[in-house]
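If you want the building blocks of each chain, they are given just below.
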2 protein chains.
Amino acid sequence: MKKMNEKIDWRSICPISSALDVIGDKWSLLIIRDLIIHEALTYSQFLESPEQISTNILATRLDLLTRLKLIERVHPELASRNNAYKLTKSGKALEPVIKSLGKWAGKYRSI
Amino acid sequence: MKKMNEKIDWRSICPISSALDVIGDKWSLLIIRDLIIHEALTYSQFLESPEQISTNILATRLDLLTRLKLIERVHPELASRNNAYKLTKSGKALEPVIKSLGKWAGKYRSI
DNA sequence: CCGGATCCGGTCTGATACTG
DNA sequence: CAGTATCAGACCGGATCCGG
């Protein structure tokens, strides 16, 4: 551990390491972005996203995000066919993060 | 360093995709976090971070972030020895993103 | 068809050793 | 101190296959 003698609030920044399994992955964030925009999406609807995620990657990410409880099935009682995914409460709570990220990108990474 | 995936550039359309070049990578984000906290750090100081980045990864990430103009050398006129890195203006502008991410992690991901 | 699972070549990662 | 070189293994992603 490093010394903590700064003015910035360390505790609001340090948990970043724990968030890395979510935001440290490109595809996971894109899935969350899509769900923020569209509320609920099926497996094949994710595949239609412009970024062209491949099926195996999508499957592993959906599984990961489900186990992390950031997303969940819209109708858990149904079979997988035509079942959609939506954000959980903690998944929705990422919206400010994604929005501030989008704001930054629009300002500093526009072409 | 070469581009990792040279396909159709959807990043020009979606700002989030464009931002994922930076924050879609675990180590890049940690480097930026460290620089937000410490203002300026040398190569070996990065290596002391608790996450234990390895030397080759650190070198490639510092190079990537420099080329993206998110970080820069504190004394460009000096040789690399004892030279530190700091955030550029656009790098600093990521602070709100990182803070909101930290806030989310602190609330929804137990430390 | 839909929601994945499996296979496989190629790329990237990261621990370690090494160099100026 | 600030990086390279190396190399095995993990991971990505495209194609294909499979169960319901």
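Residues numbered from 1 in each chain as written. Chains lettered and ligands numbered in written order. Predicted model: local features only at pLDDT ≥ 70, side-chain atom pairs only at ≥ 80, totals over all residues. Heavy atoms only, no water.

A.B. asks: Mind showing me how you'd approach the relation of the copies chain A and chain B here?
C.D. replies: Turning one copy of the chain about an axis and sliding it along that axis gives the other copy, so a rotation and a shift relate them. You can overlay chain A on chain B at an RMSD of 0.4 Å; the transform is a turn of 180° with a shift of 0.0 Å along its axis. Overall, the copies show the geometry of a two-fold rotation axis. Most of the interface of chain A is mirrored in chain B: 88% of its interface residues are interface residues there too. (Least-squares fit on C-alpha atoms with pLDDT ≥ 70 in both. Contact = heavy atoms within 4.5 Å.)

A.B. asks: Any chance you could explain the protein's contact with DNA strand D here in plain terms?
C.D. replies: For DNA strand D, the set of nearby residues contains 20 residues, the closest of which are Trp27, Asn56, Arg61 and Arg81 of chain A together with Thr55 of chain B. A distance of 3.0 Å is found between a phosphate oxygen of DNA strand D and a backbone nitrogen or oxygen belonging to Asn82 of chain B. Taken together, the elements giving at least two residues each to the surface near DNA strand D come down to helix H4 (55-67) of chain A together with helix H3 (43-47) and helix H4 (55-67) of chain B. At 4 residues, H4 of chain A tops the list of elements feeding residues into the surface near DNA strand D. (Near = heavy atom within 4 Å. Polar contact = N/O pair within 3.5 Å; in protein donor to acceptor, adjacent residues only side chain to side chain. Helix = DSSP H or I, 4+ residues; strand = E, 2+ residues; numbered from the N terminus.)

A.B. asks: Help me understand the pattern of salt bridges, please; the structure alone is not making it clear to me.
C.D. replies: All names here are of chain A. Applying the stated rule across the entire model yields 12 salt bridges over all chains. The closest approach of N and O atoms between Asp25 and Arg61, which form a salt bridge, is 2.5 Å. With Asp25 in the loop between helix H1 (16-23) and helix H2 (26-38) and Arg61 in helix H4, this residue pair connects regions lying 36 residues apart in the sequence. Residue classification places Asp25 among the buried residues on the basis of a relative accessible area of 16%. Here Arg61 falls in the buried class, since its relative accessible area comes to 18%. A salt bridge links Arg33 to Glu51, with the nearest nitrogen and oxygen atoms 3.1 Å apart. Here Glu51 lies in the loop between helix H3 (43-47) and H4 and Arg33 lies in helix H2, a separation of 18 residues in the sequence. In the salt-bridge network here, residues are joined through shared partners; they are Arg33, Asp34 and Glu51. (Salt bridge = Lys/Arg side-chain N within 4 Å of Asp/Glu carboxyl O. Buried < 20%, exposed > 50% of the residue type's maximum accessible area, 1.4 Å probe, protein only.)

A.B. asks: What should I look at first to understand the sheet that holds strand E1 (residues 40-42) of chain A in this one?
C.D. replies: Strand pairing within a sheet occurs via backbone hydrogen bonds; the two strands may be parallel or antiparallel. Residues and elements named next belong to chain A. Strands sit in the order E1-E3-E2 across an open sheet of 3 strands; the sheet is antiparallel. Strands at the two margins of the open sheet, each flanked by one partner only, are E1 and strand E2 (71-73). On average, each strand axis in the sheet is tilted by 35° relative to the strand beside it, whichever way the strands run. (Pairing = 2+ DSSP bridges. Axes fitted to C-alpha atoms, helices over the stretch in contact; angles between N-to-C directions.)

A.B. asks: I tried to follow the packing of helix H6 (residues 95-108) of chain A against helix H6 (residues 95-108) of chain B on my own but got confused; where do I start?
C.D. replies: The packing of two helices is summarised by the inter-axis angle and the distance between the axes. In the contact formed by H6 of chain A and H6 of chain B, the axes pass within 9 Å of each other and the chain directions differ by 170°. Comparing their axes, H6 of chain B and H6 of chain A come out roughly antiparallel. Two secondary-structure elements touch here, H6 of chain A through Pro96, Val97, Ser100, Leu101 and Trp104 of chain A and H6 of chain B through Pro96, Val97, Ser100, Leu101 and Trp104 of chain B. Here the contact of H6 of chain A with H6 of chain B is built from residues that sort into 8 nonpolar, 2 polar and no charged. (Parallel < 35°, antiparallel > 145°, perpendicular 65-115°, else oblique. Nonpolar A, V, L, I, M, F, W, Y, C, P; charged D, E, K, R; others polar.)

A.B. asks: Can you help me understand the sheet that holds strand E1 (residues 40-42) of chain B in this one?
C.D. replies: Residues and elements named next belong to chain B. One open sheet holds the 3 strands; their spatial order is E1-E3-E2, and the pairing between them is antiparallel. Each of the sheet's edge strands pairs with one partner strand only, and the pair in question is E1 and strand E2 (71-73). Each adjacent strand pair in this sheet contributes to an overall mean axis angle of 35°, direction not counted. Where E2 lies against strand E3 (residues 84-87), 3 bridges are found, and the strand directions are antiparallel. What sits directly across from Arg73, in E3, is Tyr85.

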